[in-house]
Every structure is written in C-alpha cells, then in structure tokens.
Amino acid sequence: MVNNHSHSNNNIASLLNMPGGDYTIKPSGLQLFNPANYTPVYVDGSLFVAPQLSLNTSATQPLCYNAKGSVLLTPSGGTAPYTLSGDATSNLSAGNYNYLVTDSKGCTASASASINAAPAQLVLNATVTQPTCFGTTGSVQLSATGGTGNYTYNNTATSNLQGGTYNYQVNDANGCVATKSVVINNAPALLVASASVTAPSCLSGQGTVLVSATGGIAPYTGTGSFTVNASTAYSFTVTDNKGCTSTVSGVMPNAVPVSVNAGANKTICAGSSVTLTA
C-alpha cells in the first residue's frame, strides 16, 4: 500500500496524484481464493483481479445400444482467450474423462465428466401361433427386452390374422427402435374323411370299410380298413397332424338274400339233373 494515496473499490486499487519516483505496490486486504487460479495484474495504474477461472462440463449420455456420449466444455472467468486440453469430448465410451482450461495469463482450472454405459440392445420378440385347422386364424404375442422401458408398440394387429406378412415396431423411453416381421401361414384345407364300403358277401356276414382322408396336414391317424358286421352302424374319426378331426359315419348293408326258382313241378329221377334259376 502507498500511504495516503490508496483507494479501494470492488477489488480495484488506484493511485492518484503521485509524485515521480519508483513505488512498490503491495495490495492490502486482497483475499485470494485458495487454491488461487488467477494472477493479479497491474494495468495502467490500476490493480485488477480477474474473476475466478472455472470450467463447466455438460455430459450427453448415450441413449441407445452402441451409441456414444459426448461432453460440452464451457470455461468462464479468468482472462480470455482460453485453451482447452485433456481427454476427447466426442464419441465417448463409458468412463471418466478429465479436462483442463488455461487462460491467457496461464491460470488453470480442471473439471471431469462421467459417461454411462450405453443401454443393452433393444430387441423385439414375436411368438407366432399359426392357424392349425381350416377356418382358423393366426396370432402374434410381442415382448421386448433391453433398451430403456417403458415400451411402446405400433398398432399392427396381433390377433385374428389371415395368411400374410406382418411388421411390428417397439420404441423404448429414449426413442430407440426395434422391428420384427412375421409370416402367418394360410389355414390348411378342410380335412375330409371318406369311407369306401364293401358289403358282406353272405347274409348277416361282415363287410369292410376303407377310411381315407384329404386336406388338413398329414400324417393322419384313424385311416385304414375296418371290419363291420352287416346292418351295424359305424363311425370313424380321422385326426391330422395338428389335431384337426373329421368323422365319417354310416350303416353296413346286409347281403341280398338269394332266392331260387325251380320252375314248374317236375319229377326228377335218380341220376338226372335239372336247371334252377335265381
């Protein structure tokens, strides 16, 4: 301090009406931040103390799978211009990053930032139920994993689906997207059981029923050749590979009775023959 010639106001000290000579300026009452990252400078007869130099970091976190983070650096205080140094600020994987700012007077300030790990991959799963029998439809059950919940699905139908291709999409809370396409098969052709009947050759004998099937999805169960007594009702059910069924029923006919016409009364002698008509 220069005796009787000092004045302080808002950290600015000025010397007025000083006679010629050399002076040593010793600031009094000047409180420096600890640790001090600035340097008092004497300019044009006034002593200025620059504002405290600081460095602010603003981290942008990765929102989706395989995304990277970034850091925005904003220096303030000190004496511009600034020089920034330290770690990279873009395309950042998970971890801690350190930065340094140096002002034009050589003062420094440091800051750090943390980048989180990117979310797990968002995956859309689709469980498909295909139509199994004639006249039925398919359905799709959707579920999502990874990403950041909550999940939002698009409005594509998931039930009562005819044959065709269906496209689905899910969005997570960060706007990340996953898609899935599924194919619904056409319903199988109508399963039809049929019977080929061979009547008994003799009255009250046994006939056969040959059961076969068309349509549905092979292989079938319940087909084959079956023996049925004359004048007896039968019913056979065929089941295809998907559990669809078809039934064929009927009654086994009896053999036609045979009547013999011997014609007019005749005397047949031993050793002779006669012709009979039926």
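For clarity, every value in this text was computed on a predicted model and none was experimentally measured. (Residues numbered from 1 in each chain as written. Predicted model: local features only at pLDDT ≥ 70, side-chain atom pairs only at ≥ 80, totals over all residues. Heavy atoms only, no water.)

Student: Looking at this model, I keep getting lost on the overall build of the chain. Mind explaining?
Tutor: The number of helices and strands found in the chain is 0 helices and 19 strands. Scored against the burial criterion, the 278 residues of the chain give a buried share of 22%. Intrachain contacts of the chain at a sequence separation of at least 6 include 40% that bridge at least 24 residues. Entry remark: accessible area of the chain is about 17,500 Å², with carbon and sulfur atoms responsible for 49%. (Helix = DSSP H or I, 4+ residues; strand = E, 2+ residues; numbered from the N terminus. Buried < 20%, exposed > 50% of the residue type's maximum accessible area, 1.4 Å probe, protein only. Contact = heavy atoms within 4.5 Å. Areas by Shrake-Rupley, 256 points an atom, 1.4 Å probe, with all protein chains shown as cover.)

Student: Help me understand the packing of aromatic side chains in this model?
Tutor: Aromatic rings in a pair are described by how distant their centres are and how their planes are angled relative to each other. All chains considered together, the criterion is met by 2 aromatic pairs. Aromatic pair F226 and F236: ring centres 4.5 Å apart, planes at 25°, arrangement stacked. You can see F226 sitting in strand β17 (residues 224–229) and its partner F236 sitting in strand β18 (residues 233–239), a full 10 residues away along the chain. According to the relative accessible area criterion, F226 is partly exposed, its value standing at 26%. (Phe/Tyr/Trp six-rings, centres within 6.5 Å; stacked < 30°, edge-to-face > 60°.)

Student: What should I look at first to understand the sheet that holds strand β15 (residues 192–198) in this one?
Tutor: Within a beta sheet, neighbouring strands are joined by backbone hydrogen bonds and run either parallel or antiparallel to one another. One open sheet holds the 3 strands; their spatial order is β15-β16-β17, and the pairing between them is antiparallel. Each of the sheet's edge strands pairs with one partner strand only, and the pair in question is β15 and β17. Strand after strand, the sheet turns through a mean of 30° between neighbouring axes, direction not considered. (Pairing = 2+ DSSP bridges. Axes fitted to C-alpha atoms, helices over the stretch in contact; angles between N-to-C directions.)

Student: For this particular structure, what's the right way to read the sheet that holds strand β9 (residues 108–115)?
Tutor: Taken in spatial order, the 3 strands of this open sheet run β7-β8-β9, and their pairing is antiparallel. Both edges of this open sheet fall to β7 (83–86) and β9, since each of them pairs with a single strand only. This sheet shows a mean twist of 25° between the axes of neighbouring strands, independent of strand direction. Where β7 meets strand β8 (residues 95–102), 4 bridges bridge the pair, whose relative direction is antiparallel. The residue of β8 that forms the bridge with T83 is T102.

Student: I would appreciate a short explanation of a nonpolar patch on the surface in the present structure.
Tutor: Residues F134, L190 and V192 make up a contiguous nonpolar surface patch of roughly 290 Å² in combined accessible area. Residue placement: F134 occurs in the loop between β10 (123–129) and β11 (139–145). A residue is classified by how much of its surface remains accessible, and F134, at 53% relative accessible area, is exposed. (Patch = residues over 30% accessible without salt bridge, like charges linked within 9 Å, V, L, I, M, F, W, Y side chains within 5 Å. Salt bridge = Lys/Arg side-chain N within 4 Å of Asp/Glu carboxyl O.)

Student: What am I meant to see in unusual backbone geometry here?
Tutor: Both trends apply: most residues other than glycine have a negative phi, and most peptide bonds are in trans. Looking along the chain, the bond that leaves A80 and enters P81 is cis, with omega of 5°. Across the junction of G149 and N150, the peptide omega takes the value 10°, indicating a cis bond. Here N150 lies in the loop between β11 and β12 (152–153). Of note in this structure, N66 is not a glycine but carries a positive phi near 70°.

Student: Honestly, the confidence of the model for the chain in this entry has me stumped. Any pointers?
Tutor: Predicted coordinates in areas of low pLDDT are best not read in detail. When pLDDT is averaged across the chain, the result is 87; 76% of the residues are at 70 or more. Note that pLDDT drops below 50 for residues 1–13; the model gives that stretch 25 contacts with residues more than four away or on any other chain. (pLDDT = per-residue confidence, 0-100.)

Student: Got a minute to help me understand the state of the cysteines in this structure?
Tutor: Where two cysteines share a covalent bond between their sulfur atoms, that bond is called a disulfide. With the rule as written, the count across this model stands at 2 disulfides. Each disulfide pairs two cysteine sulfurs, and for C64 the partner residue is C176, the sulfurs being separated by 1.8 Å. Torsion about the S-S bond of the C64 and C176 cystine: about -95°, corresponding to left-handed handedness. You can see C64 sitting in the loop between β5 (54–60) and β6 (70–76) and its partner C176 sitting in the loop between β13 (164–171) and β14 (177–184), a full 112 residues away along the chain. (Disulfide = S-S within 2.5 Å.)

Student: I keep staring at the pairing of β8 and nothing clicks. Help me out?
Tutor: Regular strands place their side chains on alternate faces of the sheet. Sheet analysis places β8 next to β9, joined by 8 bridges and oriented antiparallel. Opposite T102, over in β9, you have T108 as the bridge partner. Turn length for the β8-β9 hairpin, with the two strands adjacent in sequence and antiparallel, is 5 residues, and the turn residue G106 shows positive phi of about 90°.

Student: Got a minute to help me understand the side chain of D172 in this structure?
Tutor: Relative to the helices and strands, D172 is located in the loop between β13 and β14. Of the side chains with opposite charge, K68 lies nearest to the buried D172, which makes no salt bridge, at 17 Å. One polar contact links the side chain of D172 to the main-chain amide nitrogen of N174, over a distance of 3.0 Å. If near-sequence neighbours (up to four positions away) are discounted, D172 is found in contact with L122, G147, T148, N150 and Y151. (Lys, Arg positive; Asp, Glu negative; His and termini not counted. Polar contact = N/O pair within 3.5 Å; in protein donor to acceptor, adjacent residues only side chain to side chain.)

Student: Any chance you could explain the environment of A59 here in plain terms?
Tutor: Within the fold, A59 resides in strand β5. Note: C-alpha distance between A59 and A113 (54 residues apart in sequence) is 6.5 Å. The contact partners of A59, leaving out residues within four places of it in the chain, are S70, V71, S114 and I115.

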